[in-house]
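Spelled out from the first residue to the last, the chains are:
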Amino acid sequence: MNTLWDTHCHLTGYRDPIAILDEATQADVDVVAVTEDPGEYRLLRARLGRRSGVTPALGMHPLRAHSFTPADLARFLRMLSQATWIGEVGLDFSPAGRATRNAQTRIFEAILGDPRARSLPMTIHSRGAEKEIINRLLQIDVSSAILHWYTGPATLIDNALVAGAYFSFNPAMTATAKGQTLLGALPMDRVLLETDGPFTRVGARPARPGDLPRMLGHLAARWALSPDDVIRQVRDNQQRLHTSV
Ligand SMILES: [Zn+2]
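Residues numbered from 1 in each chain as written. Predicted model: local features only at pLDDT ≥ 70, side-chain atom pairs only at ≥ 80, totals over all residues. Heavy atoms only, no water.

The chain has the name TatD family deoxyribonuclease in an unreviewed UniProt entry, where Streptomyces paludis is given as its organism.

Undergrad: Let's hear about the coordination of the zinc ion: which residues, and what values?
TA: H8 (NE2), H10 (NE2), E88 (OE) and D196 (OD) make up the full set of protein donors to the zinc ion, lying at 2.1 to 2.4 Å. Seen from the zinc ion, its 4 donor atoms lie at angles of 81 to 166°, and the figure they make is irregular. Judged by relative accessible area, H10 falls into the buried class, the value being 4%. (Donors = N, O, S within 2.8 Å, 3.2 Å for Na, K, Ca; no water. Tetrahedral: all angles 85-135°; square planar, octahedral: opposite > 155°, others 65-115°. Buried < 20%, exposed > 50% of the residue type's maximum accessible area, 1.4 Å probe, protein only.)

Undergrad: Now, about the pattern of salt bridges: what can you tell me, with residues and values included?
TA: Tallied over the full model, the rule gives 11 salt bridges. Between D37 and R64 there is a salt bridge, with the nearest N and O atoms lying 3.1 Å from each other. Placement of the pair is D37 in the loop between β2 (29-33) and α2 (38-48) and R64 in the loop between β3 (54-56) and α3 (70-79), with a sequence separation of 27 residues. A salt bridge links R205 to D211; the shortest N-O distance between them is 2.8 Å. With relative accessibility at 24%, the residue R205 sits in the partly exposed group. Judged by its relative accessible area of 3%, D211 falls in the buried class. (Salt bridge = Lys/Arg side-chain N within 4 Å of Asp/Glu carboxyl O. Helix = DSSP H or I, 4+ residues; strand = E, 2+ residues; numbered from the N terminus.)

Undergrad: Help me get a handle on the environment of F167, residues and values and all.
TA: Along the chain, F167 falls in strand β7 (residues 166-169). Take F167: its relative accessible area is 0%, and that puts it in the buried class. Each C-alpha atom of the pair F167 and L193 lies 8.2 Å from the other, and the pair is 26 residues apart in sequence. Residues contacting F167, with those up to four places away along its chain left out, are L147, Y150, I157, A160, L161, L182, L186, R190, V191 and L192. (Contact = heavy atoms within 4.5 Å.)

Undergrad: Talk me through the sheet that holds strand β6 (residues 144-148); I want residue IDs and the actual numbers.
TA: An order of β4-β5-β6-β7-β8 is seen for the 5 strands of this open sheet, with the pairing classed as parallel. The open sheet has two edge strands with one neighbour each: β4 (86-90) and β8 (191-193). Here the strands of the sheet are splayed against their neighbours by 35° on average, with no regard to which way each runs. Here strand β5 (residues 121-125) runs beside β6; their pairing, made up of 4 bridges, is parallel. Opposite I124, over in β6, you have L147 as the bridge partner. Docked against the sheet, helix α11 (residues 227-240) engages β6, β7 and β8, running at close to 95° with respect to β8. (Pairing = 2+ DSSP bridges. Axes fitted to C-alpha atoms, helices over the stretch in contact; angles between N-to-C directions.)

Undergrad: Would you mind going over α2 in detail, with residue names and values included?
TA: Since the α-helix packs 3.6 residues into each turn, any two residues three or four apart lie on the same face. All of the buried residues along α2 are P38, E40, Y41, L44 and L48. Looking down the long axis of α2, one finds its buried residues gathered within 155° of arc, a one-sided arrangement. Facing away from the buried side of α2 by more than 90 degrees, the exposed set consists of R42, A46 and R47. Those residues of α2 that are buried lie in contact with α1 (17-26), β2, β3 and α3. (Arc of directions from axis to C-beta.)

Laid out in C-alpha cells, this is it:
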C-alpha cells in the first residue's frame, strides 16, 4: 500500500488511465477511482483486474439522477456486496442539479438505507446540499463519510465534525481563500487528500494523483508541522477509515 491516498479521482476521465496509475505508484500514491454509475464501476473493475494501488468505488453521481432507472439502483444495491468504497454519491442542489432534487434524494436515501453502504468509506458530493447531507449524517451512522471538495458554509462544519465526517482536499482548494479557511477550521485528524482529477487543474493541465505529494507543503505551512509529521497525520487519518483496502 502506498503512502498517500487520492480518495476521489475520476480515473476513467483520463485519456490513459494506466499511465496515470503508473505515475501515481511512482509518487507513492494509491488511487480511489470513483465512478458515476454501476456500469462504469463494473467496467473499471474488469479493466483493472487485480492491479494493486487502485480501488474502484461504486457510485451513482447525483447529477446523473435524471438518467437513472430503478434497474440502475437495483444494480447498485446488488453490487454493494463486492464493493470496498462508495462514491461518487450525494446530492447537488446547485442550479445544475436543482431540477432533479427529488430523484437525487430518492437514490441517496436508498444508498444510505443499506447497512453495507454505511459500513464502507463513502466519498460524498454535497454542492448546494451541504445542510441536507450533514443533517442526514447526524441522524444515521455512516462509518467513514468523506465530504469531497466541500464548498458549503463554515457554519455547518461543527455539525459535520460531530457527525464524524472527514473532508478531502484537492490542489485547487488549497489555492483558494475558501479552501484555506476551511483547512484552518478543521482538526488535523479529519483531513484527507483527493484530486477530483481530471476535473480540477494544476496550472494549465488536469490534476493527477501524482500531484498529491506537492500538497504536503501547504498542509505543513498551515499546521506548522514538518513534512514528515504531515505525512504521519494524513496516514493516520487514512488508516482510521473503515476499509479493507
Ligand atoms: Zn468527483
